[in-house]
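Summary of the model geometry
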Protein chains: 2
Amino acid sequence: MAIYKEKISVEESKTSKIEQVDFSKLDFGRVFTDHMFVCDYKSGKWQTPKITPYQAMTIEPSARVFHYGQAVFEGMKAYKTDEGRVFLFRPKQNFERINKSAERMAIPAFPENYFFEGLETLLNLDNDWIMPGIGNSLYIRPFVIATEPAISASPANTYRFMILCSPAQSYYNTPVRVLVAEQYSRSANGGVGAAKAAGNYAAQFYPTSLAQKEGFQQIIWTDADTHSFMEEAGTMNVFFRVNDTLLTAPVSDRILDGITRKSIIQLAEDLGITCEVRQVKVEEIKNAARDGSLKEIFGAGTAAVISEISAFQHKDELFEIADIDSDNSYAKLFKKTLMNIQYNISEDVHGWRYEVKPK
Amino acid sequence: MAIYKEKISVEESKTSKIEQVDFSKLDFGRVFTDHMFVCDYKSGKWQTPKITPYQAMTIEPSARVFHYGQAVFEGMKAYKTDEGRVFLFRPKQNFERINKSAERMAIPAFPENYFFEGLETLLNLDNDWIMPGIGNSLYIRPFVIATEPAISASPANTYRFMILCSPAQSYYNTPVRVLVAEQYSRSANGGVGAAKAAGNYAAQFYPTSLAQKEGFQQIIWTDADTHSFMEEAGTMNVFFRVNDTLLTAPVSDRILDGITRKSIIQLAEDLGITCEVRQVKVEEIKNAARDGSLKEIFGAGTAAVISEISAFQHKDELFEIADIDSDNSYAKLFKKTLMNIQYNISEDVHGWRYEVKPK
Ligand SMILES: Cc1ncc(COP(=O)(O)O)c(C=O)c1O
Ligand SMILES: Cc1ncc(COP(=O)(O)O)c(C=O)c1O
C-alpha cells in the first residue's frame, strides 16, 4: 500500500524520550513512543490526518466519550526481526474489526488508506522503539472517541481517531489461574460484547478484582443466561484441550472475534489437530478435568499471544491442570508457530505477515 | 449542610457567558454555565476540590476512560421558584447512586461532604443560570472518569470527579413512539445495567438509530434472555396503566433504580392508585392494547420528568394508544404532582426537596 505523504501532515518530535526507557523492565501500556496519529471527524467527514509528538490533548469535559462511553479500540503489534525488518500480523483484520466495532457504537467508519498510511508513517518514525528479539514488540493502540461537547444521549457529530504505540514485552509470563463466572457477566445477547467497545472492559474490572482477591488473575466468562457455557476471558479467547482435541466457543454477538483465535483454528487444521468450534459446557470441562482427559486450557490474544491456564475454579470447586511435557503442549506449539510467523522465521503460507517497509 | 469554604478552592470566572444564551431556545446539554466543579483522585485519596471557570481540560490520550470506558455519571436538576429560591429533588439519592455505580465500575467512592459542598457552591455561583418558571431547570451532571495514562486493562489509580451544569427546558415535549426490543439488548444479568456506567448509553445508540429510521424515538428494552418482559427505556423507567392499575418492572441488576420511578411509586400510594411492581410481559401489554384496557404508557426520568408514550411496536405490530382525557391522565397527574413538589408549590410530605440557600 502506497503512502501518500501529502495526505498526512507530520510534525516530528524535536527530541526523543527513548533514552529514558529501560526496555528490559517495561510495564504494559505505560510508556508511549515519540509520536501519535490523530484524525478528527467533523462536518460529516474524516479530516486530514496528522502525526504529532505524543502529547496530552485538550478536550471539553462535556465530550460525549466521558459521559456515554462512545469509544472503540483495537490492539495490534509490530514485530522486528534481527535484521531490522518490521512486520504486522494480519492488520487488515484489525482495521475491519475497528470499523465493525464502530458501526455497533454508531461511530462513522474510518477510511482504510488513512489507517494504513497513518500506521506505516508512524511506525517508520518510531522504528527505533520496536525492539528486535522474540517476545519484544511494539503494541499498537488505534482508538476512536466521541469528542462532541454536548451531553444529550445520542451519537456525537465529532470524533477523534488516534493511534498510540507502546513498547511491550510479553504480557503474561506465568500460567494464570482463572475463575469461571457464575454470577457476573460480560455481555448480553444482542449487546455489544462482540465489539471492542470501551465500556465492555471497565465492566469487567470489579468482578475481576473480586476474583483476584480469591487468587485468580482472570475470569472465564460464561453466557449471561445460564452461566453454563464457557465463552472467553477479558482480553483473550479460550481453548480447551480434551485428550488431543481442541475446543473453543463459536463467536457470537457476545464474543469477540479474535484474530489470534482464528489463526489458531487455521494452524490447528494445518497441523492436523482437530479443533471443534462449538458451545463448550462448563460441566463438560469439569468432567474432563475429573477424569484426566483435560490436558490444557489456554487463552489466545494479541497481547499475550498464548497464555497458559494452570487452574480453574467453578462453584467453589478448584481444578488444577497437571503440567504437560513441553514437547506435547499445544499451547507451546501454537505460541511457537504463531511467533515464528510473526517474527519472519517460518514460511507464511497464509499471507498473514504484512511488512512495513522503510520509506 | 454547611459549606466549608476552606475545603474548596474557588476561581471565579471573570466574565459571564450568560448574555449570549437564548433561554427560550435551549438544545439539551449544549450550553454550560460559567463554572464547573473538579476533584482529582490520586495517591489513594480525593484531593482538595476546586471550582473553576467552565473550560476545556488537558488529558493524556492514554487515559483509561478513552480505552476502557471506566466512567460513571449522574443526572439531576435544580429548580427555581418565582421568589428565587433554589431546590434540588432528592439529591442524596443521586449521591448514593453515583457511588453505587462507581463501585460496580471499580471507581473509588466520592465523599458526601465534597459532593454537597461542591454542588451548593457551584449552584450559588451560577445561580443566575437557573431560570424560574415551571419546566425550566438547571440540569446538573456529576461524573467521574479514569484519568490514569496507562492502557493496561485494569482499574485506574487516578480519577477526576466533575460537575457540569447546563440550563434546560423540558426534554421531550411531545408524546413519543417507541419500539419494543426483540433482538438488541441493553444489559445482561450480572452486567452493569443497574449502574449509570458510561458505556451502557453508547451501546444503545445504534439500535436506537435503527428504531428512529422506522419512526420511533426510543426503545423499550426487554430482558436479554427471552425478550419477553418490558424493562426500561434508554434514560427512563417505564410505567403501564392497565385500566386503573399501574405496572412497572422491578429494579434488578439490569435496570436503573430511577429516582423519578421510586417517587411515582410513592406518589401512587399517596394518591390511592394501585401500582404493581412486578415483571411485565410484553404479551400482557399487547393484549391490554388489543382489548382496550391499556390506557397509558409513560416514561419517568429526571430529564423529561414524565414522557407520554403514544404508540409502541412489537414484532411488526403497531399499537396506538388512544388519547386520554387530560383530567384522567395518570401521566399528567404524576407530572404535575412531581413538579409541584420540585418547584415548592405543594407540601413536601416526604422531605424530598432540598433547598440550596444563598451563602
Ligand atoms: C474480549 C476480547 N477477547 C479476545 C481478544 C483477543 O483478540 P485478538 O486475538 O484479536 O487480540 C481480545 C483482545 O483483543 C479481547 O478484547
Ligand atoms: C437507564 C436509565 N433509566 C432510568 C432513568 C431515570 O432515572 P431518574 O429518575 O433517577 O432520572 C435514567 C436516567 O437517569 C436512566 O439513565
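The model shown is predicted, which means the values in this text are computed figures rather than measured ones.

With that settled, the discussion passes to the overall build of chain A. Secondary structure summary: chain A contains seven helices and 21 strands in total. Relative to a compact globule of 359 residues, whose C-alpha radius of gyration would be 21 Å, chain A shows 21 Å and is just as compact. Taking the principal axes of the C-alpha coordinates as reference, chain A spans close to 65 × 50 × 35 Å. Residues counted as buried form 59% of the 359 residues belonging to chain A. The contacts in chain A between residues at least 6 apart in sequence include a share of 72% that link residues at least 24 apart. Total accessible area on chain A is roughly 13,900 Å²; 47% of this is exposed by carbon and sulfur atoms.

Residues and elements named next belong to chain A. Of note, Ala-106 is a non-glycine position whose phi angle comes to about 60°, a positive value. Position of Ala-106 among the secondary structure elements: in the loop between helix H2 (91-104) and helix H3 (112-125). If you check the backbone angles, Asp-316 has positive phi at about 65° while not being a glycine.

All names here are of chain B. Around ligand 2, a shell composed of 16 residues is seen, among which Lys-196, Tyr-201, Glu-232, Thr-260 and Thr-302 lie nearest. The separation between an oxygen atom of ligand 2 and a polar side-chain atom of Lys-196 is 2.6 Å. Here an oxygen atom of ligand 2 and a side-chain polar atom of Tyr-201 are 2.5 Å apart. Starting from 380 Å² of accessible surface for ligand 2 in isolation, the protein chains cover 97%. Elements with a minimum of two residues in the shell around ligand 2: helix H5 (259-271) and strand S18 (294-301). The residue inventory of the shell around ligand 2, partitioned by class, reads five nonpolar, seven polar and four charged.

This paragraph deals with the side chain of His-227 of chain A. Residues and elements named next belong to chain A. Tracing the chain through its elements places His-227 in the loop between strand S12 (218-222) and strand S13 (229-233). His-227 gets classed as buried once you look at its relative accessible area, which sits at 15%. Within the local environment of His-227, its side chain forms a polar contact with the backbone oxygen of Glu-182, the two atoms lying 3.4 Å apart. Filtering out sequence-adjacent residues up to four positions away, His-227 remains in contact with Ala-181, Glu-182, Gln-183, Tyr-184, Ser-185, Thr-222, Val-282 and His-314.

How large an interface is tends to be reported as the accessible area lost when its parts come together. With 63 residues of chain A at the contact, the number on the chain B side is 63 residues. Where chain A packs against chain B, one counts two salt bridges. A salt bridge links Arg-30 of chain B to Glu-148 of chain A, with the shortest nitrogen-to-oxygen separation between them at 3.0 Å. In this assembly, chain A and chain B are joined by 22 residue pairs in polar contact (both at pLDDT 80 or more). When residues of the side of chain A that touches chain B are traced back to their parent elements, those giving at least two are strand S5 (57-59), helix H1 (64-68), strand S6 (71-73), H2, strand S9 (137-146), strand S10 (159-168) and helix H4 (198-213) of chain A. When residues in the side of chain A that touches chain B are grouped by element, the largest group, eight residues, is from H4 of chain A. Classifying every residue of the side of chain A that touches chain B by side-chain character gives 37 nonpolar, 18 polar and eight charged. In this sheet, strand S5 (residues 57-59) of chain B lies alongside S5 of chain A in antiparallel orientation, the contact comprising three bridges. Each residue of the ladder has a partner; that of Ile-59 of chain A, found in S5 of chain B, is Met-57 of chain B.

Residues and elements named next belong to chain A. We note that the domain assignment places domain 1 (9-168) and domain 2 (176-341) within chain A. Spacing between the C-alpha centres of domain 1 and domain 2 amounts to 27 Å. Of the roughly 1,700 Å² buried where domain 1 meets domain 2, counting both sides, 63% is carbon and sulfur surface. Put simply, domain 1 and domain 2 have zero salt bridges between them.

A word on the pairing of strand S4 (residues 50-53) of chain B. Residues and elements named next belong to chain B. Across two bridges, strand S1 (residues 9-10) lies against S4 in parallel orientation. Note on S4: the bridge partner recorded for Ser-9 is Lys-50. Looking at chain direction, strand S2 (residues 35-42) and S4 are connected through four bridges and run antiparallel. Its bridge partner lying in S4, Val-38 is registered against Lys-50.

Okay, the relation of the copies chain A and chain B next. When chain A is fitted onto chain B, the two copies agree to an RMSD of 0.0 Å after a turn of 180° and an axial shift of 0.0 Å. Classification of the inter-copy transformation places it as that of a two-fold axis. Taken together, the interface assignments show that 100% of the residues at the interface of chain A recur at the interface of chain B, consistent with an identical surface on both copies.

Residue and element names in this part refer to chain B. For helix H6 (residues 282-291), the set of buried residues is Val-282, Ile-285, Lys-286 and Ala-288. The arc enclosing the buried residues of H6, seen along the axis, measures out at 160°, which places them on a common side. Residue Gly-292 follows H6 closely and has a positive phi angle near 85°.

The nonpolar side chains of a soluble globular protein tend to be buried, and buried together. Grouped together as the largest cluster of nonpolar side chains are 138 residues, with contacts concentrated most on Phe-66, Leu-123 and Phe-161 of chain A together with Phe-66, Leu-123 and Phe-161 of chain B. If sequence neighbours within four positions are ignored, Phe-161 of chain A has contacts with Phe-37, Val-38, Cys-39, Trp-46, Ile-98, Phe-110, Phe-115, Pro-142, Phe-143 and Val-144 of chain A. Grouped together as the second largest cluster of nonpolar side chains are 22 residues, Tyr-79, Ala-268, Ala-331 and Met-339 of chain A included.

Time to look at the pattern of salt bridges. On inspection of all chains with the given rule, the structure shows 40 salt bridges over all chains. A salt bridge links Glu-284 of chain A to Arg-278 of chain A; the shortest N-O distance between them is 2.7 Å.

Right, let's talk about the side chain of Asn-189 of chain B for a bit. Structurally, Asn-189 of chain B is set in the loop between strand S11 (176-180) and helix H4 (198-213). Side-chain polar atoms of Asn-189 of chain B contact the side chain of Asp-225 of chain B, separated by 3.3 Å. Asn-189 of chain B has contacts with Gln-183, Ser-185 and Ala-224 of chain A together with Asp-225, Asp-253 and Arg-254 of chain B, leaving out every residue within four places of it along the chain.

What counts and how
- Residues numbered from 1 in each chain as written.
- Chains lettered and ligands numbered in written order.
- Predicted model: local features only at pLDDT ≥ 70, side-chain atom pairs only at ≥ 80, totals over all residues.
- Heavy atoms only, no water.
- Helix = DSSP H or I, 4+ residues; strand = E, 2+ residues; numbered from the N terminus.
- Rg over C-alpha atoms; globule rule 2.2 N^0.38 Å.
- Buried < 20%, exposed > 50% of the residue type's maximum accessible area, 1.4 Å probe, protein only.
- Contact = heavy atoms within 4.5 Å.
- Areas by Shrake-Rupley, 256 points an atom, 1.4 Å probe, with all protein chains shown as cover.
- Near = heavy atom within 4 Å.
- Polar contact = N/O pair within 3.5 Å; in protein donor to acceptor, adjacent residues only side chain to side chain.
- Nonpolar A, V, L, I, M, F, W, Y, C, P; charged D, E, K, R; others polar.
- Salt bridge = Lys/Arg side-chain N within 4 Å of Asp/Glu carboxyl O.
- Pairing = 2+ DSSP bridges.
- Domains from an automatic or database assignment.
- Buried area = accessible area lost by both parts, 1.4 Å probe.
- Least-squares fit on C-alpha atoms with pLDDT ≥ 70 in both.
- Arc of directions from axis to C-beta.
- Core = buried A, V, L, I, M, F, W, Y, C linked by side-chain atoms within 4.5 Å.

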